[in-house]
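Each chain is listed here by its residues.
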Amino acid sequence: MVETKKLLRALAGEVQDVPPIWMMRQAGRYLPEYRATRAQAGDFLSLCYNPELAAEVTLQPIRRYGFDAAILFADILLVPQALGADLWFVTGEGPRLSTITQPSEFEALKPVSDIHETLSPIYETVRILSRELPAETTLIGFAGAPWTVATYMIAGRGTPDQGPAHALREGDTALFEALLDRITAATIEYLSAQIEAGAEVVKIFDSWAGSLKGEAFQKYAVEPCRVITQAIKARHPGIPVIGFPREAGEGYVGFAGATGVDCVALDNSVSLDWAVEHVQVDGCIQGNLASSHMVTGGQALVDETRRIVDAFSNGPHIFNLGHGITPDADPENVQLMIDTVRSR
Ligand code: CP3
């Protein structure tokens, strides 16, 4: 069968005049319809675990804008919760979790085989979406990379420099590595279950990869991503994987080859010419418009969007932001970005 979905064609290496487009956090607080559905659910976690409403917010940006891909509405921190960590969100501040800094806290975690008990509503969301999405829209499943998930599990919250996770990595390497292994194994099962429910692509978000340097980057960003990607490909041949080692800098070079991912997502600190020469040579890339343009809009948004599309036009490319869209973004700027990409 000839593949007709634009996103899957890019992931297979096809160069297209108009690249497929979607946006990180496309279902989110910048949209009034998202805020209304979240209010109906009660709070963010209740929304994640309500399959009908989670499917509804996933579909909202597809209806409004006709993106080429929908990303499952969930969160990377549901995996720690499924492993037994306490998780809650403080409005205006972000996530809070029970911490893991001692062997006894690690030993109290649940086995990987238990995660589906908590995560089964997420698979139901995927099933609803694979029925309801338009035929041309690709459904993306996702999980956090082990390092990024571990930074939250160790610190119990987001941290500017991932200090507590680095301290455990250096202070009790065995415990740190045991935690990473547990998350890696859980992530393989979680992504597999999403694929069995209908996800057509999976993305691994390593938001804090940039704080791992040198050998630590190889061991704790590249290696877990390789293990997960290889396991997914062994179980589900033909399912493409997108890797996002955010702010990896030089670490982007060779990342696709070392891990086996089909596409590398770029943050917006990466310059275009450099990315063409050092990353797109290995295959499909995704990115990388600064999400601040979704707030400021105007001619600068149009110019920068065109610059990115042109720079990446000789290789496979998925247009996206360099990080998630923020709550203060103007929904009309999203339309302007899409029109600019598609009028090429
Ligand atoms: O992209 C999408 O639209 C799919 C859904 C999605 C969410 N989070 C929904 C969400 C995805 C893919 C994520 C990934 C995620 N979650 C990451 C990796 C990507 C990144 O942004 O770096 C991380 C680090 C998290 C953890 C997380 N979740 C934090 C730190 C926060 C609070 C910060 C914030 O933006 O409010 C969340 C909350 C969250 N996850 C929201 C959404 C829509 C906002 C919650 C709300 O509605 O109040």
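Per-chain numbering applies: the sequence of each chain, read as written, is numbered from 1 onward. Local features in this predicted model are restricted to residues of pLDDT 70 or higher, and side-chain atom pairs are both shown and tallied only at a pLDDT of 80 or more, whereas totals for entire chains, interfaces and linings draw on every residue. Note: side-chain values were computed over all heavy atoms of the structure, leaving out hydrogens and water.

Engineer: So what about the nonpolar core? Which residues, and what values?
Structural biologist: Only buried Ala, Val, Leu, Ile, Met, Phe, Trp, Tyr and Cys residues count toward a nonpolar core, and they belong to the same one when joined by side-chain atoms within 4.5 Å. Between buried and exposed lies partly exposed: a residue is buried under 20% and exposed over 50% of the maximum accessible area for its type, with that area taken using a 1.4 Å probe on protein chains only. Ranked by size, the top nonpolar core spans 128 residues in total, and within it Y190, M294, V334 and M337 carry the most contacts. Per-element tally for this core: the top contributor is helix α10 (residues 173-197), with 12 residues. It only takes one pair of heavy atoms within 4.5 Å for two residues to be counted as in contact. Ignoring any residue separated from it by four or fewer positions in sequence, one finds Y190 in contact with A74, L78, V79, I115, L119, I122, Y123, F142 and A143. Only DSSP runs of H or I with at least four residues qualify as helices, and only runs of E with at least two residues qualify as strands; both kinds are numbered from the N terminus onward.

Engineer: Which residues make up the site of the ligand, and what values do they have?
Structural biologist: Around the ligand, the surrounding shell holds 22 residues, and the nearest of these are R25, Y34, R38, D75 and S207. For the accessible areas, the method is Shrake-Rupley and the probe is 1.4 Å, while residue cover comes only from the protein chains on display. For the ligand, the protein covers 87% of the area, taking 870 Å² as the surface of the free molecule. Working definition: residue near molecule or strand if any one of its non-hydrogen atoms lies within 4 Å of it.

Engineer: Outline the pairing of strand β9 (residues 317-321), listing residues and values.
Structural biologist: Burial analysis of β9 places 5 of its 5 residues in the buried class, the great majority of the element. A two-sided burial pattern is seen for β9, the buried positions comprising H317, F319 and L321 on one face and I318 and N320 on the other. Examined bridge by bridge, strand β8 (residues 284-289) and β9 share 5 bridges and lie parallel to one another. Residue pairing across strands places Q286 opposite I318, the latter belonging to β9. Between any two strands, at least two bridges found by DSSP are needed for them to pair.

Engineer: Explain the layout of surface pockets to me, using residue names and the numbers behind them.
Structural biologist: Buriedness for pockets is judged along seven lines, at least five of which must meet protein on both sides within 12 Å for an open set on the 1 Å grid over protein atoms alone, while cavities are sets there where a 1.4 Å probe fits but cannot get out, and lining residues have an atom within 4 Å of a point. Grid points are joined across faces, edges and corners, and a volume is the space filled by probe spheres set on the points. Of the pockets and cavities examined, the largest pocket occupies roughly 1,400 Å³. For the largest pocket, the lining is made up of 44 residues, of which R25, R29, F44, D75 and F89 are closest to its centre. Looking at the lining of the largest pocket, the elements with two or more residues in it are α2 (32-41), α3 (44-48), β2 (87-90), β3 (94-97) and α8 (146-155). Broken down by element, the residue count for the lining of the largest pocket peaks at 3 residues, all from β3.

Engineer: Summarise the packing of aromatic side chains; cite the residues concerned and give the values.
Structural biologist: Think of it this way: a Phe, Tyr or Trp ring, Trp meaning its six-membered ring, pairs with another when their centres are within 6.5 Å, and the plane angle makes it stacked under 30 degrees, edge-to-face over 60, tilted otherwise. All told, the structure shown has 10 aromatic pairs when counted by the stated rule. Taking the centre distance of 5.6 Å and the plane angle of 85 degrees together, the rings of F142 and F205 count as edge-to-face. Of this pair, F142 sits in strand β4 (residues 138-144) while F205 is found in strand β5 (residues 201-206), placing the two residues 63 residues apart along the sequence. A residue is classified by how much of its surface remains accessible, and F205, at 12% relative accessible area, is buried. Between the aromatic rings of F176 and Y220, the centroid separation amounts to 4.9 Å while the plane-to-plane angle is 90 degrees, which identifies the pairing as edge-to-face. One end of the pair, F176, is in helix α10; the other, Y220, is in helix α11 (residues 214-235), and 44 residues separate them in sequence. When its relative accessible area of 7% is taken as the criterion, Y220 is described as buried.

The values reported here are purely geometric and, on their own, carry no functional implication.
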